[in-house]
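Examination of the molecular architecture
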Amino acid sequence: MTRTAAASQTSTRRVSTFITLAFAVAALSACGGSGGGGSEHETGGSAPTPAPAPPAPAPAPGAGTDEPVLETPAPAPSPALPSSGAAAAPPLPPDQRLPLSVDLSRPGAAVQPVAATASSTANQGNSAAKAIDGSTATRWESAHTGNEWIQFDFGGKTQLGYMKLVWEAAYGKEYAIETSDDGSTWYQLRYVTGAKGGTEEFYNLDANVRYVRVRGTQRGTQYGYSLFEVAFKGPGSGNSLRALATSPERYPPVGAALAPEPAAGAPLEMVQFSLPNGALVTRFGMVGRSRHARERGEDWNEAGYGPNDTVDASGRPVDKGPGAHLNFVANYFKNRTWGVEFIDDSKVAGVTRPKLIVNQYFPQAQRGGGLVFVRRFDSPNVTGFGWMSPGDLLDDSTYTAGLNNVAACPVVPKPPAGALRRPSSGYNGVIGANDGCSVVFDNYPGHTAIAPDANGVLVPNGVNVPSRALRAGDVIEFSSSFFSTRAAMDALGDSGAFRYYTNELTYVVGEGLRPWYGVQPRLMNAPLPLDTLSGGLGSVSYDYADNAQFMFQQPLNHIGMQNMQRFMEGRRWIHTNLWTGDHTEPGNDRNDAAVRLQGPRFNQTSCFACHINNGRSVAPSVINQRLDTMAVRTATVDGSGKQQPHPIYGLAAQMNARSVTTGQLEDWGTSVRVSGFDVKTVTLADGTAVELRKPRVSFDGPLPQRYSLRSAQPMIGVGLLEAVTDAEILSRVRSTPDQDGVKGQANYAYDPETGAVRLGRFGWKASKVSLRHQAASAALLDMSVTSPVYPNRDCLAGPANCTPAKVEKGLSEEDLTLITRYLRLLAVPAQRSVASGFPNGVAPLWYLDVNPAQVAAGARVFDTMRCTACHVSSMRTGNLSEMAELRNQTIKPYTDLLLHDMGPDLADNFVEGRATGNMWRTPPLWGIGYTEAVAASKNAPVGYLHDSRARTLVEAILWHGGEATVSRQRFQSLSPEDREAVLAFLRSL
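Residues numbered from 1 in each chain as written. Predicted model: local features only at pLDDT ≥ 70, side-chain atom pairs only at ≥ 80, totals over all residues. Heavy atoms only, no water.

The protein has the name Discoidin domain-containing protein in an unreviewed UniProt entry, where Caldimonas mangrovi is given as its organism.

With that settled, consider the nonpolar core. Ranked by size, the top nonpolar core spans 117 residues in total, and within it Phe373, Phe478 and Leu823 carry the most contacts. Per element, the largest residue contribution to this core is seven residues, and it comes from helix 8 (residues 771-783). With sequence-adjacent residues up to four places away left out, Phe373 is seen in contact with Val358, Trp387, Met388, Ser389, Pro390, Gly391, Val439, Phe441, Ile476, Glu477 and Phe478. Ranked by size, the runner-up nonpolar core spans 34 residues in total, among them Val861, Leu906, Leu953 and Ala956. (Core = buried A, V, L, I, M, F, W, Y, C linked by side-chain atoms within 4.5 Å. Buried < 20%, exposed > 50% of the residue type's maximum accessible area, 1.4 Å probe, protein only. Helix = DSSP H or I, 4+ residues; strand = E, 2+ residues; numbered from the N terminus. Contact = heavy atoms within 4.5 Å.)

Moving on, we get to the packing of aromatic side chains. As enumerated under the stated definition, the model contains 33 aromatic pairs in all. Taking the centre distance of 6.5 Å and the plane angle of 85° together, the rings of Trp764 and Trp920 count as edge-to-face. Of the two residues, Trp764 is situated in the loop between strand 37 (757-759) and helix 8 and Trp920 in strand 41 (residues 919-921); the sequence distance between them amounts to 156 residues. Summarising the burial analysis for this pair, Trp764 and Trp920 share the class buried. Relative to Tyr930, the ring of Tyr847 lies with its centre 6.0 Å away and its plane at 55°, an arrangement referred to as tilted. Taken together, the residues Tyr847 in the loop between helix 9 (813-825) and helix 10 (852-864) and Tyr930 in the loop between strand 41 and helix 11 (931-935) connect sequence positions 83 residues apart. (Phe/Tyr/Trp six-rings, centres within 6.5 Å; stacked < 30°, edge-to-face > 60°.)

Attention now moves to the sheet that holds strand 10 (residues 280-287). Reading across the sheet, the six strands line up as 9-10-11-12-16-15 and stay open at both edges, with antiparallel pairing between neighbours. Sheet topology places strand 9 (272-274) and strand 15 (392-393) at the edges, where each strand pairs with a single neighbour. Pairing of strand 12 (residues 356-361) with strand 16 (residues 439-441), which is carried by three bridges, proceeds in the antiparallel orientation. Within the sheet, the bridge partner assigned to Leu356 lies in strand 16 and is Phe441. (Pairing = 2+ DSSP bridges.)

What follows covers the pairing of strand 7 (residues 199-219). Of all 21 residues in strand 7, 15 are buried, a share of seventy percent or more. Relative to strand 7, strand 5 (residues 172-180) is paired through eight bridges, and the arrangement is antiparallel. Its bridge partner being in strand 7, Gly172 is matched across the sheet by Arg219.

Structure follows, in structure tokens:
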């Protein structure tokens with residue numbers, strides 16, 4: 001067995017430069033793979049290292065460098081919001097709607113206005129009449145101002161089903177279509193934002209009116225508005241929606257027996273187990289990353305040791321953009337995940353020199369080496385990345401072959417569950433090692449002791465600390481790398497990149513992987529305290545790459561090697577446009593299986609479009625804003641008082657539409673918009689006035705008897721919530737209220753596939769029994785995509801015709817399984833309640849700039865107010881999940897998953913099972929402090945509560961009523977200091 005040289009690499013720049021072969025070898029060493037002698041890094045005494053000279057400019061990718069291509073995060077999407085907050089005209093009254101008896105059996109006939117007038121005319125007689133003269137060679141043109149209109153008179157009340165606008169180059173970018181019977185009182189039929197001109201068509205007008213006008217609010221050019229032609233048709237089979245044959249949703253009656261939970265089975269894969277001799281085996285997955293975990297958008301160094309771009313000359317924080325660590329590389333789901341196996345004998349009886357044997361499992365051949373152990377904490381020049389040891393590569397020739405661009409490490413099949421691939425033979429006397437590409441790490445590296453210099457920087461003090469044997473409890477930073485070749489990737493038919501970094505992980509010898517945070521010196525890794533692990537051992541470590549936008553998109557910290565690939569394939573589906581098959585992020589292959597899965601009416605084309613960055617929807621913020629990133633449940637009430645789906649919208653309004661033949665987007669009049677806000681002011685005990693604002697909504701179509709506006713909820717941690725046992729949840733149900741009036745009750749629903757009575761736990765009213773149920777329901781209601789659970793779009797009208805007798809193309813069983821497993825494996829960020837060790841003078845990332853004492857005080861006040869009566873701080877998952885990673889975890893979701901009466905101010909009058917109109921499931925609070933960071937766009941307003949009405953956490957608390965009234969009153973009475981402490985606590989979650 002040959003020793004490989006120690007790795008020591010300094011990074012003071014986000015993009016490193018390697019020009020000569022020597023520098024290329026140094027880069028390999030930094031990631032754990034140079035040949036040579038000695039695995040220890042012995043350092044003599046030295047004076048503080050001077051600031052390094054500026055490095056040379058980075059070469060283009062592939063120009064003599066092995067640095068991975070920098071794949072920066074894509075800009076956050078910005079929703080198209082109305083530009084004006086002016087009051088909207090009211091929606092059409094019933095007497096301007098079509099009668100129920102209208103004949104829709106034949107195509108709608110053309111309808112001609114008798115006259116057209118306009119607010120202005122420009123350029124020698126381009127009058128309003130020319131917009132209805134049947135010629136596209138003539139046009140109406142307005143004055144060159146924004147607030148112009150053109151009006152059409154039909155001579156009397158006229159039934160309308162369709163309208164077409166043909167714009168000249170001077171088009172309306174934003175405008176209203178309004179109706180009237182007297183020419184003075186106007187009602188809003190449609191409102192258009194972000195228009196592109198050309199030909200625009202409007203279907204399902206559902207109007208019986210005399211006048212129609214187009215009123216501009218924003219021009220598309222510097223000119224006025226110019227229309228070649230405007231045409232109308234009456235209602236008919238091709239332009240108007242027929243009423244649906246609806247049936248009420250079914251829920252179990254009170255007293256129905258709850259089906260027992262399934263017995264525990266073998267997990268999908270084992271992530272940790274012990275061998276008969278006591279050796280601990282830990283298996284985990286990796287994925288390619290573009291840059292390291294501490295490389296942010298700004299170069300950073302200790303005072304006196306290099307550039308510090310995190311502050312300006314006056315010491316104010318500087319933001320040059322994010323790093324590129326937690327974002328996802330192109331085609332991340334394709335040949336870019338791999339598995340790592342640690343065999344740890346530190347607790348084997350009789351072992352005095354423990355070792356870690358590291359095996360890796362790639363989908364393609366790799367160059368040897370690429371592993372690193374122990375962050376190089378004794379050098380002030382190591383900031384973004386750098387380590388002390390590459391371990392011992394068992395066959396150095398696999399590394400030297402890599403210098404000649406040969407991938408000498410072959411593909412090794414995944415090991416069996418609960419056993420090693422080579423339990424008795426090993427390689428070259430190392431039992432358990434797969435081959436010469438395996439690595440042994442058995443010494444904690446020698447280094448130089450550190451002490452503060454004149455600036456307080458921890459630097460080498462000249463005292464050597466010799467290497468020593470590993471010990472149980474040693475904290476090791478570990479990372480791997482993807483170090484393949486062009487030929488190896490081409491053999492897989494993959495033309496993408498073949499060089500990646502990956503996550504930096506913390507391994508505790510004798511225990512396993514632990515989420516980590518950075519401490520002094522220079523963000524040295526340390527295991528996070530257990531009480532910060534909101535999502536158990538799978539919690540997301542603190543982020544030092546300024547990638548908070550991606551904090552809700554990370555897999556579990558200890559995800560299995562095969563589950564990592566399942567996660568990435570599931571993520572691909574979450575990011576897939578279910579009409580085109582395109583990925584929401586550039587550079588990814590089209591998902592051909594997803595092409596044209598979507599039906600003709602929908603809210604969004606991908607899950608990600610509503611769950612922005614896996615977080616919340618765009619909150620209602622401006623009048624006329626379409627709410628198509630939210631869900632609007634709709635219903636009517638029959639003669640017996642039973643709620644059932646609305647005859648036009650079905651179970652939910654689907655606000656966008658397209659032609660299933662041409663794919664062109666169309667407007668079918670099913671949008672729901674903000675029509676205004678109801679405002680009130682609450683005064684706190686110290687005199688602080690807080691404005692509370694609730695959105696009012698209007699429907700382009702008929703107003704349902706009942707409707708409920710609902711925000712998309714963060715997707716994090718749902719697998720953990722699914723893994724909580726029924727008994728754990730039901731143990732908190734109360735038959736009578738407690739001293740504060742808090743009760744809490746469970747909801748129950750039928751499993752849509754088996755008919756069994758199950759405990760509800762997902763959705764705003766806990767009406768979905770599993771992640772599979774929730775995912776399939778969202779696919780149907782929000783994206784008009786069928787699945788094995790809901791096999792056809794008749795399911796949108798209720799259960800009567802929702803049967804396998806009619807199957808429409810949609811998600812396959814494999815697709816739905818991938819989506820469900822992705823959701824199960826999504827991690828929760830660790831609570832930010834401990835301070836990070838940012839170096840002296842380096843600006844902390846704002847979301848990690850915490851006051852631990854204030855956070856702890858806030859947690860105490862939160863508990864004293866008895867918020868934890870519903871927002872339960874701790875739960876334990878069971879052992880029933882198919883994911884071993886989710887079993888027996890202590891989690892801190894701050895929910896009880898039960899229904900509570902939240903009072904009339906939050907009521908929607910919508911019933912789902914035992915959840916009446918004023919009842920809501922307690923939403924989890926984990927991750928709530930990342931809400932704005934995850935949205936990542938100042939143009940994407942965020943909100944809290946079921947309809948996102950609350951713009952701040954204070955507003956959200958002050959809306960609480962019903963069972964939460966007493967806790968809310970306690971909050972109102974807090975001193976400013978205690979109130980700020982509570983908010984600091986919530987922001988830390």
